[in-house]
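Residue-level structural notes
Take a look at the letters that make up each chain.
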Amino acid sequence: MEPTNVEILPNDLAINWSDGHETYIDFVTLRNACPCAACRGEGHLWGKTAPTIDASKLGADAFELMSVSGVGSYAISFVWGDKHDSGIFSYTLLKSLCQCDSCVAERAE
Ligand SMILES: [Zn+2]
Ligand SMILES: [Zn+2]
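A brief look at the structure comes next.

**Observations regarding the sheet that holds strand E3 (residues 22–26)**
Spatially, the three strands line up as an open sheet ordered E1-E2-E3, and their pairing is antiparallel. Each having just a single partner strand, strand E1 (3–8) and E3 make up the two edges of the open sheet. Within the sheet, the average angular offset between the axes of one strand and its neighbour, ignoring direction, is 15°. The pairing of strand E2 (residues 12–17) with E3 spans five bridges and is antiparallel. For Asn16, the partnering residue across the bridge sits in E3 and is Glu22.

Take a look at the structure:
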C-alpha cells in the first residue's frame with residue numbers, strides 16, 4: 001500500500017492510500033511521532049519508551065508543516081517550521097498514526 005496523494009491541510013496531513021483509505025494526522029501527533037535519532041534520543045533520556053518530544057521545549061513553529069517529500073518508495077519526510085527535517089516516516093508508521101474510526105478500533109483490538 002502506498003500514498004496516491006499527500007496534502008498539507010491547515011492543521012492536518014491528509015494521505016490518500018492506494019487501497020482508497022484516507023488518513024488524517026494532526027501536526028502535533030505527527031511531529032511527536034518523529035522517528036529520527038534526535039527525537040527518539042531525547043525521549044530515551046527522559047526515561048520514556050516511546051519516541052516523544054517535549055512539546056514545551058519546542059516553539060509553535062515546530063508544529064507547522066512546511067513541506068513533504070517522498071523517500072524512495074517506502075517513506076515520506078517532512079520539513080517543519082523549525083527546520084527539523086531528519087525524520088523518515090515509513091508508510092507503516094504513517095498508517096499507524098491514522099486517527100480514523102476504523103483504524104483506531106483496529107488498534108484497540
Ligand atoms: Zn525528529
Ligand atoms: Zn484509518
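**Describing the coordination of the zinc ion (ligand 2)**
Only His21 (NE2), Cys98 (SG), Cys100 (SG) and Cys103 (SG) from the protein reach the zinc ion (ligand 2) as donors, at distances of 2.0 to 2.3 Å. For the zinc ion (ligand 2), the four donor atoms in the first shell make angles of 102 to 120° at the metal, a pattern classed as tetrahedral. In primary sequence terms, the donor set of the zinc ion (ligand 2) follows H-x76-C-x1-C-x2-C. Of this pair, His21 sits in the loop between E2 and E3 while Cys98 sits in the loop between helix H3 (91–96) and helix H4 (101–108), and the two are 77 residues apart along the sequence.

**What about the coordination of the zinc ion (ligand 1)?**
Bound to the zinc ion (ligand 1) are the protein donor atoms Cys34 (SG), Cys36 (SG), Cys39 (SG) and His84 (NE2), situated 2.0 to 2.3 Å from the metal. Angles of 100 to 115° at the metal separate the four donor atoms of the zinc ion (ligand 1), which places the site in the tetrahedral class. Given the relative accessible area of 4%, Cys36 is considered buried. Judged by relative accessible area, which is 14%, His84 ranks as buried.

**Section: the packing of aromatic side chains**
Enumeration according to the criterion identifies four aromatic pairs in this entry. Note on Phe27 and Trp80: the rings are 6.4 Å apart at their centroids and 80° apart in plane angle, and the pair reads as edge-to-face. Placement of the pair is Phe27 in helix H1 (residues 27–32) and Trp80 in strand E5 (residues 75–80), with a sequence separation of 53 residues. Residue Phe27 is classed as buried on the basis of its relative accessible area, which comes to 8%. Owing to a relative accessible area of 2%, Trp80 belongs among the buried residues under this scheme. Judged by centre distance (6.2 Å) and plane angle (55°), the rings of Phe78 and Trp80 are tilted. Here Phe78 falls in the buried class, since its relative accessible area comes to 2%. These aromatic residues form a ring-pair network of at least three members: Phe27, Phe78, Trp80 and Phe89.

What counts, and at which threshold
Residues numbered from 1 in each chain as written. Chains lettered and ligands numbered in written order. Predicted model: local features only at pLDDT ≥ 70, side-chain atom pairs only at ≥ 80, totals over all residues. Heavy atoms only, no water. Pairing = 2+ DSSP bridges. Helix = DSSP H or I, 4+ residues; strand = E, 2+ residues; numbered from the N terminus. Axes fitted to C-alpha atoms, helices over the stretch in contact; angles between N-to-C directions. Donors = N, O, S within 2.8 Å, 3.2 Å for Na, K, Ca; no water. Tetrahedral: all angles 85-135°; square planar, octahedral: opposite > 155°, others 65-115°. Buried < 20%, exposed > 50% of the residue type's maximum accessible area, 1.4 Å probe, protein only. Phe/Tyr/Trp six-rings, centres within 6.5 Å; stacked < 30°, edge-to-face > 60°.

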